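One letter stands for each residue in the lines below.
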Amino acid sequence: AYEEPFEEPLVLTRHRLSAEFRFARLRARLAFKPPATRLLWFGQHGTSQATGGMLDLGTLTGALNMVARGRSLSWTVISNHEGKFRQLRAKSAVPMHYLPWDRATFSRAARLHHIAILPIQHNPFTVCKTNNRVATSLLHGLAVVADPIPSYQEFSESIKLGHWEDSIAH
């Protein structure tokens, strides 16, 4: 299962207005910054079954900070836990943005970015993950840099696997 590009008809509800406002704020913040390579991570903040989700992003902070020394970067997280995002942002030298995941705004927000970053810590749960986030990213026109897991290998000619600093810089 993957998220195909989707444009939901505008039906004004309180939830939808909030989602649209937050999306508009993200779009304005990205437009205000100087030209940068825009990185995107999307997914659940984590599960009770295994370490993963937003915790995997902590493994990238050092590599992204190194790349940012020679290249302008920005980093957006689309997820469901703003508190974990704030903890992550405190350790990053790269400007970071947060958008709560919402089906109505996800596709438009994804298309504002250049590269999907998909770090995965290896454990029995994560090595069995599907390639849905790679497929979703590619369907939205994003380049992909990911940790190598078995389900991502079939995309190895189209995406960058591992070697984070070199892969993002490339």
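Residues numbered from 1 in each chain as written. Predicted model: local features only at pLDDT ≥ 70, side-chain atom pairs only at ≥ 80, totals over all residues. Heavy atoms only, no water.

(A) Layout of the pairing of strand E4 (residues 115–118). On E4, burial covers both faces: Ile 115 and Ile 117 on one face and Ala 116 and Leu 118 on the other are all buried. In terms of strand pairing, E4 meets strand E5 (residues 143–146) through four bridges, oriented parallel. Pairing of Ile 115 across the sheet is with Ala 143, part of E5. (Buried < 20%, exposed > 50% of the residue type's maximum accessible area, 1.4 Å probe, protein only. Helix = DSSP H or I, 4+ residues; strand = E, 2+ residues; numbered from the N terminus. Pairing = 2+ DSSP bridges.)

(B) Spotlight on the pattern of salt bridges. Across all of its chains, the model carries four salt bridges by this definition. Glu 82 is the partner of Arg 86 in a salt bridge, and the nearest nitrogen-oxygen pair spans 3.5 Å. Here Glu 82 and Arg 86 lie together in helix H3 (residues 82–89), a separation of four residues that amounts to about one turn. Relative accessible area serves as the criterion here: at 26%, Glu 82 is assigned to the partly exposed category. Salt bridges sharing partners connect three or more residues here, namely Arg 16, Glu 20 and Arg 108. (Salt bridge = Lys/Arg side-chain N within 4 Å of Asp/Glu carboxyl O.)

(C) Summary view of the packing of aromatic side chains. If you walk through the whole model with that rule in mind, you get three aromatic pairs. Plain terms: the ring middles of Phe 42 and Phe 106 are 5.1 Å apart, the flat faces sit at 65° to each other, and that makes the pair edge-to-face. Note that Phe 42 is positioned in strand E1 (residues 37–42) and Phe 106 in helix H4 (residues 103–110), a separation of 64 residues in sequence. The burial state of Phe 42 is the same as that of Phe 106; both residues are buried. (Phe/Tyr/Trp six-rings, centres within 6.5 Å; stacked < 30°, edge-to-face > 60°.)

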